[in-house]
Each structure stands twice: as structure tokens, then as C-alpha cells.
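A look at the structure
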Amino acid sequence: MKLVMERRTETPISLMLISPLIAVALTLISAAIMFALLGKDPVAALSTYFLDPLSDSWGLQEVAVKATPLVLIAVGLAVCYRAKVWNIGAEGQFLFGAMAGGYIAIITHGSTQGPWLLPVMLLVGAMAGACFALIPALLRTRFGANEILTSLMLVYVAELLLDYLVRGPWRDPAGFNMPHSVVFEAEATLPLLMAGGRLNIGTPIMIAIVFAFMLLMGRTLKGFEIRLVGEAPRAARFAGFSETRLIITVFMISGALAGLAGVLEAAGTIKQLQPGISPGYGFTAIIVAFLGRLNPIGCLFAGIFIAITFIGGENAQIMLRLPLDATRVLQGLLLFFVLACDSLLLYRFRLLRGAAA
Amino acid sequence: MTLFEAIILTIITASTPLLIAALGELVVERAGVLNLGVEGMMIIGAAAGIAAAITTGSSTLGVLVAVLAGMALSLVFAALVLGLAANQVAAGLALAILGLGLSGVIGAPFVGVQRAGIGKIEIPWLSDIPFLGPLLFRQDPFVYASVALVIGVWWFLTKSRAGLVLRAVGENHAAAHALGYPVRRIRLLAILFGGGCAGLAGAYMSLVYTPFWTSGMTGGRGWIALAIVVFASWLPFRAMVGAYLFGALTILQLHAQSAGVPLPSQFLAALPYLITILVLVLIMRARRGGVAGPASLGVPFVPDR
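Residues numbered from 1 in each chain as written. Chains lettered and ligands numbered in written order. Predicted model: local features only at pLDDT ≥ 70, side-chain atom pairs only at ≥ 80, totals over all residues. Heavy atoms only, no water.

Details of the overall build of chain B
- Looking only at helices and strands, chain B features 12 helices and 2 strands.
- Each helix (α) and strand (β) of chain B, taken in turn from the N terminus, gives the series α-α-α-α-β-α-β-α-α-α-α-α-α-α.
- Here chain B has a C-alpha radius of gyration of 19 Å; the compact-globule value for 305 residues is 19 Å, and the two agree.
- Taking the principal axes of its C-alpha atoms as reference, chain B extends roughly 65 × 45 × 45 Å.
- Looking at the 305 residues of chain B, the share that counts as buried comes to 55%.
- Long-range contacts, defined as pairs at least 24 residues apart, comprise 77% of the intrachain contacts of chain B with a sequence gap of at least 6.
- For chain B, the exposed area adds up to about 12,100 Å²; of that, 72% sits on carbon and sulfur atoms.
- Side chains of chain B give 16 positive and 9 negative charges; the mean places of these two sets differ by 10 Å. (Helix = DSSP H or I, 4+ residues; strand = E, 2+ residues; numbered from the N terminus. Rg over C-alpha atoms; globule rule 2.2 N^0.38 Å. Buried < 20%, exposed > 50% of the residue type's maximum accessible area, 1.4 Å probe, protein only. Contact = heavy atoms within 4.5 Å. Areas by Shrake-Rupley, 256 points an atom, 1.4 Å probe, with all protein chains shown as cover. Lys, Arg positive; Asp, Glu negative; His and termini not counted. Charge placed at Lys NZ, Arg CZ, Asp CG, Glu CD.)

So, in C-alpha cells, the structure goes:
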């Protein structure tokens, strides 16, 4: 007997919907095993992780606040990955956007500016993210340098730059030498949607962008081009699509969304610049993109799920003394299961009897 | 000991983990598999290594556990990319994320525990040679092992029949399969070797380089090892040159900081990463149209019957 894989000619739509759910179920089972190994009651731990964040308004708001940057970045990465362009430096683009947008808030600090300030910050943040993403894109198209490595190296550069800025030139003069900038003026921060929480207009902006990208990828020529280059590069060349231009476009799109996420986080949730502005959103968004099947709406649901694990992980750390890294283990496992289940979509597994093999 | 000798000694210790990890990945990539999870396997080696060394009190056991931990993690990767023909880039990233998370869970109870690093081995007589002796023949066992690995990998890839088969698998897996070579078994062994090397490099980080555990202590060295493989054009001796070049940069940057170079320390700390990018660009420019690595690198393999 022998197990063989055959390429499917067509993937049933039901499988496409079920596969991420199987991955989530397998992750929950592994999570229960891991909690038991760490000496905790698996049922209590699972409910702290996945149910408690959804049980009150505060928790729900926190989930939305965490999901916002994750989904924004993931939607951009999904565009890249669809084209088989591997931008894994979204973390750096996120920080660069936060720095550029934050810079506007810092230089206007202490003077009244008017309602134009916030839109300018968001625009500058997105543009800065796009420019930062342009570096690996150009290095790839001009010199053929591997974009995985260059985009990742730039994450470290962006982290060090932020560290330098908030310890040096941008440090809050009244901050007792702590490494952070001034707290942004009220008009440089995102308005809250309701009192008693942190939910701000960043979340509706994110949802609007998700729908915009759904239309872009599904209904426009550009979206078709991006998908074609990823799935059938030879056909795309014959169709006259320029690979160089496409690499630059998708990198700038994902950089802009990561940069926007960065400035939204700085102006909305944190309200200042500091070194720990991101708990690895740019890397976690890679998981979100794959869990969401590289589809904008999928990314929205995937982002909400991952956001729950973030909040649940913080709860579990306080209430059950589970290490915070347990969350990262779960997220890594989830990506593994997602990739494993994706093979079910591409291939059919069949058992062959001895003679036939 | 002069300052110059001291600098060279620290360069050797900074380069060794890069070299070991890069050699492992070099063999993996020569077999046609791109495992981006070096950082994850390295840090799991570091965490498991120091955890085992502290619990058992034996550095040797620590090293052994580190190697096994790296191999165990690479086995998960192998199951995904060989068994299920999953996307190698995504699977490698998953490995990096999973490894970083797991290392935090494993290392948490050992934060702040200090232990003596692994000592140096002096080779009699040779270590008494002035200047060269202390530099070359008074090193920790990892340094000797890394040099042995360079020679071993070079010999294996270029002189042995098994190495020839491995390269064939990496260049054209369909042809190798048609000739009857077990493509997936060969790749599995290569991936396990890569995992073991990354684990060993991690053990060096937590048992010799900084003999205690801190979260995220590999600091991107696994990624730099990947860059070194590209820089080395997939050749073992060039990987050695590359690793020592990067090691030297890291150390000189530290010395520049302490010597009071009028630049913010963060700029100097960013130098190794910026230079990695620069080197990648220069090497690709110099190689335009030349070798671009093993032809089947990163392509999933599904055997036809």
C-alpha cells in the first residue's frame, strides 16, 4: 500500500471554506495539549484564551483595536503573496509609517493646527511605509537581490532608528529621560467611537479598506494581473504584464497599508512614539494573511481570530500565569496547520494497493 | 595579549554560530529545499541547550539536546514541505515564528540563571606558538567543530558519491527521481542536518557566547546565516569567508562604539544588517546571468508514479 498525491484539477468551494476551520480546530486541540503539559487545566485555559475576550464590551473593543493593524497589514501582504512576492518586512514598514506620521504630531506639538492634521498624518504614514517598502522592491528589480532577506534586514534597521529617535532627538523633554516622545495633542489622536474603551475610527477605516481591496482584487484588471503573475507567470509575460512594475506596485501597496497601520496605532492606541510600539504585528500579520487564504475578507476574519488570541494570551498570563510566548507558539502552530490543510486543496490523497504502486 | 589579538579572538567567537548555521542551510539548499526557519531552529537550540545544561549540569548533554531540538523542529518543516508539498517560504516563516515562541516558553524558567561557559581546549605545543598559537589552537570545541564541518561539507558535496546525488536532487528533482533516487528521503536527511547545525549554532549562543538565556537572544543571526549562503554562492569555503566577514563587522562595530565614534550606537548596531543588504546587492550584481543557486531550490516536489 502506498499513499500518493495527485494534483486536483478543480478545488471544491466547500473545501476552501472548511480548510481554515480544520486548521483552527487542530490548533485548539494542540493548545489544550500544550496547556496540559504546562500543568494548567486545559478547559479553563482555552476558555480564558478564546471566550473571555468576547464576554464583555471592553474585551470586544480590545479585540477590534488589536485586529485593526493585523488586518490592515495582512490585506497588503496578501496582495504581495498572491503575486508570489515575499515581503516579510511589514514590521519595519509599520514602524516607519508610525515614525513618519508621529513626526508630524511631534513638530506640531503645542500649537493648534485644525482638523487637517490627522488626515495629513495618516497620509504621510502610508506614504512613508510605501517608500520604505520600495527599497527591497527596487533592490529586487534592479539587482535581483532576494526580497525576503532585504525586507527582513530593514526591520532591524527600522527598529534601531525608532530606538534612536525616541532616545535622542524626539525624546519627551519632560519625560524623566524615559525613551518615548511627547504624548500627542488631542487633535493628533484618533477620535474614539464610544466612551469607556479604546475603540477608535481606525477600525472603520480598516473595514473600508478591506472592502476596497475585495473590489480591487476581484473586479479590476490590476487585481487580475496580480493573481495571474502569481499563478501563471509565463502566461502573464505573454499577456504583456511587466513583472518589474508589478513587484514595485505590490510592495508599495503592502508598505502603504503597513505604514497606515503604524500611524493608526501610534495616533490611536498609543498616542506617542516608543520602542515597544508593536508586539510583532508585522510578523503576526503573515499568519493572518495565510489563515485568511490571501483574500481580503478572509484576512478580516483571520485578523479577528488572531486578535482574540492576543487578548486571551494577555488574560491567561495574568490569571493563569501562562508565559506570554505561549500565544506565539499557538500562532506558529496555526500557520503550520493552515499550510498543511492547504495541501488538501491542491492535492488529492489516495491509497494505492501494492501492485498498482 | 594585545588588543589586536583580543579583537581577532572575539571575531572568531562571533563568527562561529553564523558559520555553523550557514553550513547546515547550505546543504539543505543544495538539496533543493529553502528552509527560512533557521532563526527559529537556532533559538530553540539555544533555549533547549541551556535548559538541559542547567537541569543536568552537563554542557555536553546541553549541546546534544540543542542539536536534537533543532532537528525535531526541522522534522516538522520536513513533514510539511516533503510530506504535504506545502509552500516552502511560508513553512519556513512558520518555523521561525513557532521556534521563537517555543523558545520563550522553554527558556522562561531559566531567565537570569548564570553558568560558566564551555571552556577552551588547548592543543599541546601548537598553542605555544607565539601569536598564531593562542588564536588558532586555544579555542572552544565549537570553533574546531565548525572548521571540521566546513571541510567535511566541502568533501561531502564535491568528492563523495552521496554528495553528487544530493546535488542532483537539488538541481533537477524530476530527473533524479526518474533515475530512481529517493528524492524525498535525501531531502529529509538534508533538512535534518540543517536543523542539527542550527541547533548547534544555538547551543553556541547560549552556552558559550552569552552563557545565559535571554528571550530573542539570537537577534537575527539565523537570517544573516541565510544571507551568507547566498553570498557564498552555495560553496562551503566561501561560507566561511562570509561568516568571518559578518562576524568581523559585528565586532568592529562594537569596538567602534566603545572607542567613542561620534555616531549614535543604534547606527552602528544597524551596520551589520545594512551591510548584509549591500553585500546581497553587490553579489547579485557581480553574478548577473551567472549561477543563481540550485535549479530546483524552493520548488515543491510531488513524485509521479
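Picking up after the structure, the text goes on.
A look at the side chain of Glu91 of chain A
All names here are of chain A.
- Here Glu91 is to be found in helix α4 (residues 90–107).
- Within the buried set, Glu91 has no salt-bridge partner at all; the shortest N-O distance to an opposite charge, 9.5 Å, is to Arg328.
- A distance of 3.3 Å separates a polar atom in the side chain of Glu91 from the backbone nitrogen of Tyr281.
- Looking at Glu91, its side chain comes within polar contact range of the main-chain nitrogen of Gly282, at 2.7 Å.
- Filtering out sequence-adjacent residues up to four positions away, Glu91 remains in contact with Val155, Ser278, Gly280, Tyr281, Gly282 and Phe283. (Salt bridge = Lys/Arg side-chain N within 4 Å of Asp/Glu carboxyl O. Polar contact = N/O pair within 3.5 Å; in protein donor to acceptor, adjacent residues only side chain to side chain.)

Examining the packing of aromatic side chains
- Here the structure, examined in full by the defined rule, presents 14 aromatic pairs over all chains.
- Measuring from centroid to centroid gives 5.0 Å for Phe142 of chain B and Tyr204 of chain B, while their planes differ by 65 degrees, and the two rings are edge-to-face. Here the residue Phe142 of chain B occupies a position in helix α6 (residues 141–159), and Tyr204 of chain B occupies one in helix α9 (residues 183–209), the gap between them amounting to 62 residues. Here Phe142 of chain B matches Tyr204 of chain B in class, with each residue buried.
- Connected via pairs of aromatic rings, a cluster forms that spans Phe35, Tyr49, Phe50 and Phe305 of chain A. (Phe/Tyr/Trp six-rings, centres within 6.5 Å; stacked < 30°, edge-to-face > 60°.)

Description of the packing of helix α2 (residues 38–56) of chain B against helix α3 (residues 59–83) of chain B
Residues and elements named next belong to chain B.
- At a minimum axis separation of 7 Å, α2 and α3 run at an interaxial angle of 145 degrees. When you trace α2 past α3, the crossing you get is right-handed. In this structure, α2 contributes Gly40, Met41, Ile44, Gly45, Ala48, Gly49, Ala52, Ala53 and Thr56 to the contact, and α3 contributes Ser59, Leu61, Gly62, Val65, Ala66, Ala69, Gly70, Leu73 and Ser74.
- When grouped by side-chain class, the residues that make up the contact of α2 with α3 number 10 nonpolar, 8 polar and no charged. (Axes fitted to C-alpha atoms, helices over the stretch in contact; angles between N-to-C directions. Left-handed = near helix turned anticlockwise from the far one by under 90°. Nonpolar A, V, L, I, M, F, W, Y, C, P; charged D, E, K, R; others polar.)

Looking at the interface of chain B and chain A
- In this complex, chain B contributes 48 residues to the contact, which on the side of chain A involves 43 residues.
- Summed over both partners, the interface of chain B with chain A buries about 4,000 Å², with 80% contributed by carbon and sulfur atoms.
- Across the contact surface, chain B and chain A share 0 salt bridges.
- The tally of links from chain B across to chain A stands at 3 residue pairs in polar contact (both at pLDDT 80 or more).
- Of the residues forming the side of chain B that touches chain A, the biggest block, 13 residues, is contributed by helix α4 (residues 88–107) of chain B.
- A class-by-class count of the residues in the side of chain B that touches chain A yields 34 nonpolar, 9 polar and 5 charged. (Buried area = accessible area lost by both parts, 1.4 Å probe.)

Concerning the nonpolar core
- Core analysis: the largest hydrophobic core is formed by 212 residues, its most contacted members being Tyr81, Met121 and Phe290 of chain A together with Trp223 of chain B.
- When near neighbours in sequence (up to four residues on either side) are disregarded, Phe290 of chain A contacts Tyr81, Trp86, Leu335, Val338 and Leu339 of chain A together with Ala90 of chain B. (Core = buried A, V, L, I, M, F, W, Y, C linked by side-chain atoms within 4.5 Å.)

Looking at the packing of α3 of chain B against α9 of chain B
Residues and elements named next belong to chain B.
- At a minimum axis separation of 7 Å, α3 and α9 run at an interaxial angle of 140 degrees. Relative to α9, α3 is oriented so that their crossing is right-handed.
- Each residue belonging to the contact of α3 with α9 can be placed in one class, and the counts come to 15 nonpolar, 8 polar and 2 charged.

Comments concerning a nonpolar patch on the surface
Residues and elements named next belong to chain A.
- Taken together, the side chains of Leu17, Ile18, Ile22, Leu26, Ile29, Ile33, Leu37 and Leu344 present a nonpolar region at the surface, about 740 Å² in accessible area.
- The element contributing the most residues to the nonpolar patch is helix α1 (residues 13–37), with 7 residues.
- Position of Leu37 among the secondary structure elements: in helix α1.
- The exposure class of Leu37 is exposed, given its relative accessible area of 73%. (Patch = residues over 30% accessible without salt bridge, like charges linked within 9 Å, V, L, I, M, F, W, Y side chains within 5 Å.)

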